[in-house]
Structures are given as C-alpha cells and as structure tokens.
Amino acid sequence: TRDFMIAPSILSADFARLGEEVDDVLASGADIVHFDVMDNHYVPNLTIGPMVCEALRKHGVSAPIDVHLMVRPVDRLIGDFIDAGASIITFHPEATDHIDRSLQLIRDGGCQAGLVFNPATPLSYLDYVIDKLDMILLMSVNPGFAGQAFLPRTLDKLRETRQRIAASGRMIRLEVDGGVKADNLAEIAHAGADTFVAGSAIFKQRREDDPHRYDSVLRDF
Ligand code: DX5
Ligand code: ZN
C-alpha cells in the first residue's frame, strides 16, 4: 500500500489571507503545500514567486512546500526558491536547456527534485535522468489555469509512469495536477498516482462552520 499525500494548490486560495488559508488547509489534514509559479512567458498567466514562499515560512508554515515551476528560463529561480524555503522543486523539461544541470542545482541545494510532464510531453525525458528524481508530476490539464477538466488520457500515462518507477527501483513520488476532485480520486490513485494536487476542488469549498475551514472537503479526499 502506498502512502497518499494531498497537496492543495494555493493558486485557488484567497491571496489576501494566504497565511491563514495555508494554516487552515494543513490543520484540516493536507500533507504538503503545492505552490504554482507562472511567469506569463512559459504559461499565459502570472502568479507568485520566491518572496511569497519565504513569507509563508516566516509565517510559520513547516509543512513541505512543493514548488511547481512553470517558467522559462528555469535555473535562475531554483536558487531563489532554495533560499526561500522550498522543499520540492519541479520544472518542465522543455523549459530548460540543460535538464540534468537543473536537476543537479536543485539537489545541490538540498531540495527534492522532479520533472513535470504536460499532457503531450513524452515520458522519454525520463530515460537518462530518472536516477536524479524524487518526484514525477503528470499534468492532467494544460498548465496555466486552475479549474480545468481532468484529461482522461492521463490515466494511461500514469500507469506507464508507475511501471517506469517500479523498474527504476527508486522511491519516486508520482504526482498528478489538474482537475483532481473527490469523485475522480479513486481511479487516479488506481492508475498509480500517490500525490494529488487539487486547487479549486479544495479552496472553493471553504466552510466557516468547519473547525479548520476545510475539514469536510478534505474528509472526502
Ligand atoms: C495548473 C496548476 C495547478 C492548478 C490546479 O497549471 O499547475 O496546480 O492550480 O487547479 P485545479 O485543481 O483547480 O485544476
Ligand atoms: Zn501545479
């Protein structure tokens, strides 16, 4: 049996009270914080950067922060996020000129490293670097926005990725991101995922009458 992790994407949180939102979702049982970095260049949207990651650490967040870089270029931000308190840093292989070097920069900084695959990005990027990975993130939507529908072809890709992880003999987390909801979680887990990003399905369900605001929604997950 795998240990599953729920990774709420703060992209759908209320940014005007971000510290409180993160405290609430962790108190309700979330495992890690998914932190979406968009640069209006690699993806057509603009979000948050290292200063916000650092602010969450200063606020007292001690859970792992899972930084998903949707930026180009990649390398310059890696050091900034290491200094800002990131725990895991993932990037899209086609967004860097030197995949192996970018992975090594993350590992040298003491963070866990991962590659992210868009719906149409081939898994062959894994061929020569799987020994440097702690996480593989499969996008189940095209990156850039919260609230899109889960692409069902991701399920076959999850199965194939799970086989590659097993063949590698390494402990690599398999994360899925985009359109994950309580009602498709079981089939996604069955296809091989162990780490579940969910943005709108969690943060749009805030309930002031729950002890920690997200207890009832996370109970469904
Ligand atoms: C999309 C981001 C996701 C996004 C998911 O580019 O990487 O993490 O926040 O949002 P939902 O769960 O609403 O699809
Ligand atoms: Zn993400």
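Naming follows an unreviewed UniProt entry, where the protein appears as Ribulose-phosphate 3-epimerase of Halomonas ventosae. For the record of the protein, the UniProt heading Function (unreviewed entry) holds the text "Catalyzes the reversible epimerization of D-ribulose 5-phosphate to D-xylulose 5-phosphate." Word for word, the UniProt comment on the protein under Pathway (unreviewed entry) is "Carbohydrate degradation."

Peer 1: Could you clarify how one ought to interpret the overall build of the protein in this entry?
Peer 2: Per the secondary structure count, the protein includes 8 helices and 8 strands. With the principal axes as the frame, the protein shows a C-alpha extent of 50 × 35 × 30 Å. Residue burial in the protein is summarised as follows: out of 221 residues, 41% are buried. In the protein, the proportion of contacts linking residues at least 24 apart, taken out of those at least 6 apart, comes to 62%.

Peer 1: Would you mind going over the UniProt feature "binding site: substrate" (unreviewed entry) in the protein with me for this structure?
Peer 2: Per the UniProt record, "binding site: substrate" (unreviewed entry) is found at Ser9, His68, Gly144, Phe145, Ala146, Gly147, Asp177, Gly178, Gly179, Gly199 and Ser200. Once you skip the residues sitting within four places of it in the chain, Gly199 turns out to touch Ser9, Leu11, Ser12 and Ala146. Mapped onto the fold, Ser200 is located in helix α7 (residues 200-203). Sequence-distant contacts of Ser200, defined by excluding residues within four places in its chain, comprise Ser12, Ala146 and Gly147.

Peer 1: I would appreciate a short explanation of the sheet that holds strand β7 (residues 173-177) in the present structure.
Peer 2: Sheet strands pair via backbone hydrogen bonds, and the direction of the pair is either parallel or antiparallel. If you walk across this open sheet you meet the 8 strands as β1-β8-β7-β6-β5-β4-β3-β2, and the pairing is parallel. Each of the sheet's edge strands pairs with one partner strand only, and the pair in question is β1 (5-8) and β2 (33-38). Across the sheet, the mean angle from the axis of one strand to that of its neighbour is 25 degrees, orientation sign disregarded. Pairing analysis gives 4 bridges linking strand β4 (residues 88-91) to strand β5 (residues 112-117), with the strands arranged parallel. Within β5, the position partnered with Phe91 by the bridge is Leu115. Those strands touched by helix α5 (residues 154-168) are β6 (135-139) and β7, and its axis lies near 165 degrees from that of β7.

Peer 1: Would you mind showing me how to read the site of ligand 1 here?
Peer 2: With respect to spatial proximity, 21 residues lie near ligand 1, and among them Ser9, Pro143, Ala146, Gly199 and Ser200 are the closest. At the level of secondary structure, the elements contributing two or more residues to the shell around ligand 1 comprise β2, β8 (195-198) and α7. Class assignment of the residues belonging to the shell around ligand 1 gives a composition of 8 nonpolar, 11 polar and 2 charged.

Peer 1: Looking at this model, I keep getting lost on unusual backbone geometry. Mind explaining?
Peer 2: Glycine aside, residues mostly have negative phi angles, and peptide bonds mostly take the trans form. Following Arg72, the chain continues into Pro73 via a peptide bond in cis, with omega recorded as 0 degrees. As for its placement among the helices and strands, Pro73 is situated in the loop between β3 (65-70) and α3 (75-83). Positive phi is not limited to glycine here, since Asn40 has a value of about 55 degrees. Relative to the assigned elements, Asn40 resides in the loop between β2 and α2 (50-59). The backbone of Arg213 shows a phi angle near 70 degrees, a positive value even though the residue is not glycine. Tracing the chain through its elements places Arg213 in the loop between α7 and α8 (215-220).

Peer 1: What exactly am I supposed to notice about the UniProt feature "active site" (unreviewed entry) in the protein here?
Peer 2: If you check UniProt for "active site" (unreviewed entry), the listed places come out as Asp36 and Asp177 in our numbering. Across 142 residues, the annotated set stays spatially compact, with a maximum C-alpha separation of 10.5 Å. Those residues in contact with Asp36, other than ones at most four positions away along the chain, are Ser9, Leu11, Thr47, His68 and Met70. Relative to the assigned elements, Asp177 resides in strand β7.

Peer 1: Would you mind going over the confidence of the model for the protein with me for this structure?
Peer 2: The predicted model of the protein has a mean per-residue pLDDT of 98, with 100% of residues at 70 or higher. Of the two predicted TM-score estimates for the complex, the pTM is 0.98 and the ipTM is 0.99.

Peer 1: Even after reading the chapter, I still don't get the pairing of β8, so can you show me in this structure?
Peer 2: Along any regular strand, the residues point their side chains to alternate faces of the sheet. Burial along β8 is two-sided: Thr195 and Val197 facing one way and Phe196 and Ala198 facing the other are all buried. Sheet topology places β1 next to β8; 4 bridges connect them, and they run parallel. Among the inter-strand pairings, Pro8 is bridged to a residue of β8, identified as Ala198. Inspection of the sheet shows β7 paired to β8 by 3 bridges, in the parallel sense. Note that in β8 the partner of Glu175 across the bridge is Thr195.

Rules of the game
Residues numbered from 1 in each chain as written. Chains lettered and ligands numbered in written order. Predicted model: local features only at pLDDT ≥ 70, side-chain atom pairs only at ≥ 80, totals over all residues. UniProt positions renumbered as here; feature names shortened; annotations may be inferred. Helix = DSSP H or I, 4+ residues; strand = E, 2+ residues; numbered from the N terminus. Buried ≥ 20, exposed ≤ 12 C-beta atoms within 10 Å, placed from the backbone. Contact = placed C-beta atoms within 7 Å. Pairing = 2+ DSSP bridges. Axes fitted to C-alpha atoms, helices over the stretch in contact; angles between N-to-C directions. Near = placed C-beta within 6 Å. Nonpolar A, V, L, I, M, F, W, Y, C, P; charged D, E, K, R; others polar. pLDDT = per-residue confidence, 0-100.

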